[in-house]
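Tertiary structure, described
The lines below spell out each chain.
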Amino acid sequence: MSSRFPVASAAVAEPALQARRRRPIVTRLGNVAAPYLLILPALVVIGAVLGYPLYFMGHLSLEHYGLFQLLKHKGEWIGTKNYSQIFHDGFFWHVVARTLAFTAAAVSLTMVLGTLMALLLRELGSKMRVLLTAGLIFVWAMPVVVAVAVWSWMVDYEFGVANWLLTYLHVGNFNHHEWFATTWTGWLIITALVVWGAIPFVALMVFAGLTQVPQELVDAASTDGASSWRVFRDVTVPLLKPIFVILISLSIIWDFQVFNQIWILLSGQPPPEYFTMSIYAFTTSFQQSQYGLGSAIALVMVAILLVVSFVYIREMVKIGEAE
Amino acid sequence: MRTRRARRVVFNGVALFVFAAMVFPVYWMVSTAFKPGSDIFANTPVWFPWHPTLSNFDNAIHRPHFWADVKNSLIIVSVVVALSLLLAFLAALALAKFRFYGRRAFIVLIIGVQMIPLNALIIPIYLVLSKAHQVDKLSGVIVTYLTFVLPFTIWTLRGFMLGVPRDLEEASQVDGTTRFGAFVRILLPLIGPGLVATSIFAFIQAWNEYIMAYVLLHDPSKQTLTVWLASFTGDRGTAWGPLMAGATLTALPVVIFFVAVQRKIAFGLTAGAVRG
């Protein structure tokens, strides 16, 4: 492992030593400084474009920052008032609960369907597998904005193919059905759209993991009389745990901050029943011009995400170290 | 024998159904884009563009601001990719080839900042840029896009550099080349494909971005293609044919690039995740 790093390994020790003796001290100092000089430009840019805005957002959340302050480019310090306002607001907690519920539903659907598709891929012959993989990659490649445009056409109340199909299948009379008029059917469409877009990544990742599960282990378990469900639960899942941890935490992080799909489907004017935390923070800031309050909401969202991110980052660093 | 064949038939049937269900939206977009209006606004859906026409595409590209927005997207994306690649190359080199104090903290930083939602970050960024008179300017968006493209690029490039066997470099150093010489002659050609793949992925990320551009660019002639498409989608009672043509055109470069590099990147990201 350590041989990847510029620590002289045995094979080259001698010539390296000779070279070192001849090198002036400046070069050696240069070698120590080199990595820092290399990351410096990136670090400066990240500090400027990410670090400063983050600091500024923390500052903003403690300020009253409305239209008047926007003109002056200077907020008015109010301490923790923004936070006490949102924490005492029933609507805020409602939005938090709705965001959590959506995340739970979307992530579980994505993981279950994605894993099922990965298992299906494993069972297929090579031709069918290529076909299904290609299909999944096409869906994965769709930009979100494009996907939203297509879905809004499919659920169009007048000529949308969804209404026609459901009527045709006798699910009910969906003629001129407006999906977003009822909150829960609207959320059904949003969830379907998000899950549809997220499945390919999960399916292909889990499938990639499945191909690395040693066949001997599976065979050994089945000769011992384990059912395929037991093999999956007690052999495959434990082996794939790192992948599942990463995929689940990533999915939570992505679905919790869902914005574009809802925003564009509802033409940039989502009614309050469609607010998630990110939409709430956004409309508070940019439509009501309450930038301080909006920052406070956004920071609560970031704090919640931080907990999930911790799990993800820990797993990624583990992998990074293993390399 | 018989049950095995039956199993296969069932699985193939399920696979075909899943394929159809997943791909249908993509198919519906492309086929609608090629249909004449009478087929689009039909009470019973027309499943195939039997009378293909290019009039929807013609309509889409002649809509106001289409070409201006294509140009803006291309400018923003190419500058962002060039800048990130340059900065990320140096940082990734440090991460992959040196062991230094603070390396782990830097890795955590690189992964961690990618978790911060852009729709939260846009609030302070908008205020900072409006103070600096960078709203409605492409330069403001370019700087903003570095927030998510740069960390991603560093991480991905690092993975590609790790793939280069250390012995190769060491061998050349023994032959008397300097570290820099070894780097140019050995490392650069080897990570060439990785550089291409990473820049393509950076391209896709920047091309697809919506919310930052939506907030920062107000003048319709200064927007990006995703903002153009989203505002087109928002018009209720939409001209679905031209919208689907526009959506197809927006997706086209992404799909081509994505299909070309997805194996390289995606599996690189979790390749180390399975430990048997």
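No experiment lies behind these values; they were computed from the predicted model shown. (Residues numbered from 1 in each chain as written. Chains lettered and ligands numbered in written order. Predicted model: local features only at pLDDT ≥ 70, side-chain atom pairs only at ≥ 80, totals over all residues.)

Helix and strand content of chain B: twelve helices and zero strands. Start at the N end of chain B and walk to the C end: the helices and strands fall as α-α-α-α-α-α-α-α-α-α-α-α. The buried share of chain B, taken over its 276 residues, is 45%. Contacts in chain B between residues at least 24 apart in sequence constitute 76% of all its contacts with a sequence separation of at least 6. (Helix = DSSP H or I, 4+ residues; strand = E, 2+ residues; numbered from the N terminus. Buried ≥ 20, exposed ≤ 12 C-beta atoms within 10 Å, placed from the backbone. Contact = placed C-beta atoms within 7 Å.)

Of the regular secondary structure elements, chain A holds 15 helices and two strands. Put simply, chain A has 323 residues, and 38% of those count as buried. Considering only intrachain contacts with a sequence separation of at least 6, the fraction spanning at least 24 residues in chain A is 64%.

What follows concerns the interface of chain A and chain B. With 88 residues of chain A at the interface, the matching set in chain B holds 86 residues. Element by element, the count of residues in the side of chain A that touches chain B is highest for helix α2 (residues 25-60) of chain A, at 15 residues. Partitioned by chemical class, the residues of the side of chain A that touches chain B number 69 nonpolar, 16 polar and three charged. (Nonpolar A, V, L, I, M, F, W, Y, C, P; charged D, E, K, R; others polar.)

The next point concerns helix α5 (residues 90-123) of chain A. Note: α-helices contain 3.6 residues per turn, so residues at a spacing of three or four share the same orientation. With 34 residues, α5 of chain A extends 50 Å from end C-alpha to end C-alpha; this agrees with the ideal 50 Å at 1.5 Å per step. Among all positions of α5 of chain A, only Val-95, Thr-99, Thr-103, Ala-106, Val-107, Thr-110, Gly-114, Thr-115, Met-117, Ala-118 and Leu-121 of chain A are buried. On its buried side, α5 of chain A packs onto α6 (126-141), α9 (183-210), α12 (241-256) and α14 (277-286) of chain A together with α1 (2-33) of chain B. (Expected span 1.5 Å × (residues − 1).)

Contact geometry of helix α7 (residues 144-154) of chain A with helix α11 (residues 225-234) of chain B gives a least axis separation of 9 Å together with a crossing angle of 15°. Between α7 of chain A and α11 of chain B, the interaxial angle falls into the category roughly parallel. In this structure, the crossing between α7 of chain A and α11 of chain B has a hand that is left-handed. Residues Val-145, Val-146, Val-148, Ala-149 and Ser-152 of chain A of α7 of chain A touch α11 of chain B, and the partners they reach there are Thr-226, Leu-229, Ala-230 and Thr-233 of chain B. (Axes fitted to C-alpha atoms, helices over the stretch in contact; angles between N-to-C directions. Parallel < 35°, antiparallel > 145°, perpendicular 65-115°, else oblique. Left-handed = near helix turned anticlockwise from the far one by under 90°.)

All names here are of chain B. We note that the domain assignment places domain 1 (2-53) and domain 2 (64-273) within chain B. Looking at the side of domain 1 that touches domain 2, the elements with two or more residues in it are α1 and α2 (37-40). For the side of domain 1 that touches domain 2, the leading source of residues is α1, giving four residues. Looking at the side of domain 1 that touches domain 2 residue by residue, the class counts come to four nonpolar, two polar and one charged. (Domains from an automatic or database assignment.)

All names here are of chain B. Looking at chain B as a whole, its pLDDT mean stands at 86, while 87% of the residues score no less than 70. Element-level pLDDT for chain B is lowest in helix α8 (residues 166-174), with a mean of 66, against a maximum mean of 95 in helix α10 (residues 211-216). Considering only residues more than four positions removed or in separate chains, one finds that residues 268-276, a stretch of pLDDT under 50, has 23 contacts. Scored as a complex, the prediction yields pTM 0.88 and ipTM 0.89. (pLDDT = per-residue confidence, 0-100.)

Glancing now at the nonpolar core. With 167 residues, the main nonpolar core has Ala-91, Ala-92 and Ala-206 of chain B as its most contacted residues. Apart from the residues within four sequence positions on either side, Ala-91 of chain B is in contact with Leu-38, Ile-39 and Ala-42 of chain A together with Ile-154 of chain B. (Core = buried A, V, L, I, M, F, W, Y, C linked by C-beta atoms within 7 Å.)

Residues and elements named next belong to chain A. Inspection of the secondary structure puts Gln-290 in the loop between α14 and α15 (291-322). Separated by 190 residues in sequence, Gln-290 and Leu-100 place their C-alpha atoms 24 Å apart. If we ignore the near neighbours within four places in the chain, the residues touching Gln-290 are Gly-66, Thr-284 and Ser-285.

Let's shift gears to unusual backbone geometry. A positive phi angle, near 50°, is found at Ser-289 of chain A, a position not held by glycine. As for its position among the elements, Ser-289 of chain A is in the loop between α14 and α15. Here the phi dihedral of His-65 of chain B falls at roughly 70°; this positive angle occurs in a residue that is not glycine. By the element assignment, His-65 of chain B lies in the loop between α3 (55-61) and α4 (66-97).

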